[in-house]
Amino acid sequence: MLDPKFIRENPDVVKDACRKKRIDVDVDRLVALDGEMRDIRRKLETLKAEQNARSKQMPSLSAEGKAALRAELKVLSDQVSEGQNALKALEPELEGLLLRVPNIPAPEVPDGKDDTENVELRKVGTPRVFEFTPKDHVELGTSLDLLDTERAAKIAGSRSYFLKNEGALLELAVLRFALDHMVASGFTPMIVPHIVNEDAMRGTAYLPGGEEQAYQLTRDDGWLIGTSEVPVTAYHSGEILNASQLPIRMAGWSSCYRREAGTYGKDTRGIYRIHQFMKVEQVILCRNDAEESRKYHAEILGHAETILQKLELPYRVVNVCGGDLGRPQVQKFDVETWMPSRNGYGETHSASRFHDFQARRLGLRYRDENGDVKFCHTLNNTVIASPRILIPLLENHQNADGSVTIPECLRPYMNGRTKIGPKG
RNA sequence: GGAGAGGUGGCAGAGUGGUCGAAUGCGGCGGUUUGCUAAACCGUUGUACUGGGGUAAACCCGGUACCGGGGGUUCGAAUCCCCCCCUCUCCGCCA
């Protein structure tokens, strides 16, 4: 959410943001409505002030005086409730508009309509040239008995999977490797609730707008998280932190649940796009300062890159264009890892900064050295998401004999094993 | 799932219809005292919105709202009524 005052004073900046992000919000209506409500509120305050002042006389009056005053105040009281009703009638529309206004994208966000117009910033590592016909991760997973999507479909429907044997162990290994890297980098590891309330979903700006992508509990109130960003970012919601606590670095570990509505027929093979996966997510809460945000954005991007380098995987970093940016982000860098079966790079990480967009919704604040209360800035990025990361891991590290070499950094987490070979 | 208790300021904890944004204690901040520290004493200390003064800052003076959330009664609600959420205790069930 943006500061209503900012919207009021900079309607053109907001309209530009809508254009750049291809998001349709009636900014003029919002400003008009805001003005109307402010007028009503001002009148209402005057009425309430009078009401309060005169009510104070009540205890000192005689019985007759009380009766007379009571009759007078009844008139005032009716006017007050009239104004309150008028406000209440307008509130839902204003709130709806306010929640839908997008954050202002940074100037360095490229123009563009969708992910085809994202701008590549750098490539790291060279895609491997195979001297044999490489298998894709489904063939590898099946022949090595690491993965079973057919039986998963039987009991859980499409976009499901079982990980087996070294496949299961490899997932835990890569997650734990990633988490350990973050802990060593000063992040607090967090295992989080997977079911959260609507406040957390709205606060992190997944709602409204993301209803189609998130699983909602119907018998009970609650939503299944699509990422631990939700509970981790909301962890300090409603609090006023001390500036000396910032930045707060947290690494959330959770399963993630996504409906993938509207993606029928897209990425159906294998474990690229699935309903449930495991992810370690990095979140930073920092001061309300654009430069500081930028600095930590680079930091969290760096953590992801370091991890991919240690996993010996080629990747590229793209600057996500306006049309592919979400409503809440100021800027987003995607990291895409080389996947031989796609003969291309596939998104494995997404690093965003939000300025105070989420913090404002969450009531996430801090008191600075001058005693001023300010909204924090929030940022987040994937550390590792599995099993998607198993795709490049298996495919890039496969050998001619059908085995897969375990990259060195994961071996301590795989009981020292160097290879995954055929069974039996 | 059943029965009961409770949710008040950073924390603890009073307050059962008006003079309560809210006693008191702790903590925080400023000061006095002190060779230094501690102690003691004095003062100060919520958030948001809003009107005015001031240089759009600092700051000053007013107003409104907020005592888990929402609704109701009333001239007036932290206080009474209804609904919801959360926490705790006991019982049941289960890992």
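Heads up: the structure comes first, above all this text.
Analysis parameters
- Residues numbered from 1 in each chain as written.
- Chains lettered and ligands numbered in written order.
- Predicted model: local features only at pLDDT ≥ 70, side-chain atom pairs only at ≥ 80, totals over all residues.
- Heavy atoms only, no water.
- Near = heavy atom within 4 Å.
- Polar contact = N/O pair within 3.5 Å; in protein donor to acceptor, adjacent residues only side chain to side chain.
- Helix = DSSP H or I, 4+ residues; strand = E, 2+ residues; numbered from the N terminus.
- Nonpolar A, V, L, I, M, F, W, Y, C, P; charged D, E, K, R; others polar.
- Phe/Tyr/Trp six-rings, centres within 6.5 Å; stacked < 30°, edge-to-face > 60°.
- Buried < 20%, exposed > 50% of the residue type's maximum accessible area, 1.4 Å probe, protein only.
- Lys NZ or Arg CZ within 6 Å of the ring centre and 35° of its normal.

**Student:** For the protein's contact with RNA strand B, give the residues involved together with the corresponding values.
**Tutor:** Among the 18 residues in the neighbourhood of RNA strand B, the closest are listed as R38, K48, R70, S77 and R367. Expressed as a percentage, the sugar and phosphate content of the atoms of RNA strand B within 4 Å of the protein is 67%. N52 places a side-chain nitrogen or oxygen 3.1 Å from a phosphate oxygen of RNA strand B. The set of elements that each furnish at least two residues to the surface near RNA strand B consists of helix 3 (27-55), helix 4 (63-100) and strand 13 (365-367). When grouped by side-chain class, the residues that make up the surface near RNA strand B number five nonpolar, four polar and nine charged.

**Student:** Break down unusual backbone geometry for me, with residues and values.
**Tutor:** Going from L207 to P208, the amide bond is cis rather than trans, its omega being -10°. For P208, the position within the fold is in the loop between helix 8 (198-203) and strand 6 (223-224). Residue P247 follows L246 across a cis peptide bond; omega there is -5°. Looking at the element boundaries, P247 is found in the loop between strand 7 (240-242) and strand 8 (248-257). Backbone geometry places E312, a non-glycine residue, at a positive phi of 60°. For E312, the location among the structural elements is in the loop between helix 10 (290-310) and strand 10 (315-319).

**Student:** Outline the packing of aromatic side chains, listing residues and values.
**Tutor:** In this structure the tally under the stated criterion is three aromatic pairs. Between F177 and Y413, the aromatic rings sit 6.3 Å apart at their centres with planes inclined by 70°, giving edge-to-face as the arrangement. A residue pair is termed long-range when its members are at least 10 positions apart, and F177 in helix 7 (residues 165-184) and Y413 in the loop between strand 16 (404-405) and strand 17 (419-420) qualify at 236 residues. A relative accessible area of 7% places F177 in the buried class. The positively charged end of R388 is found above the aromatic ring belonging to Y272, 3.6 Å away from the centroid.

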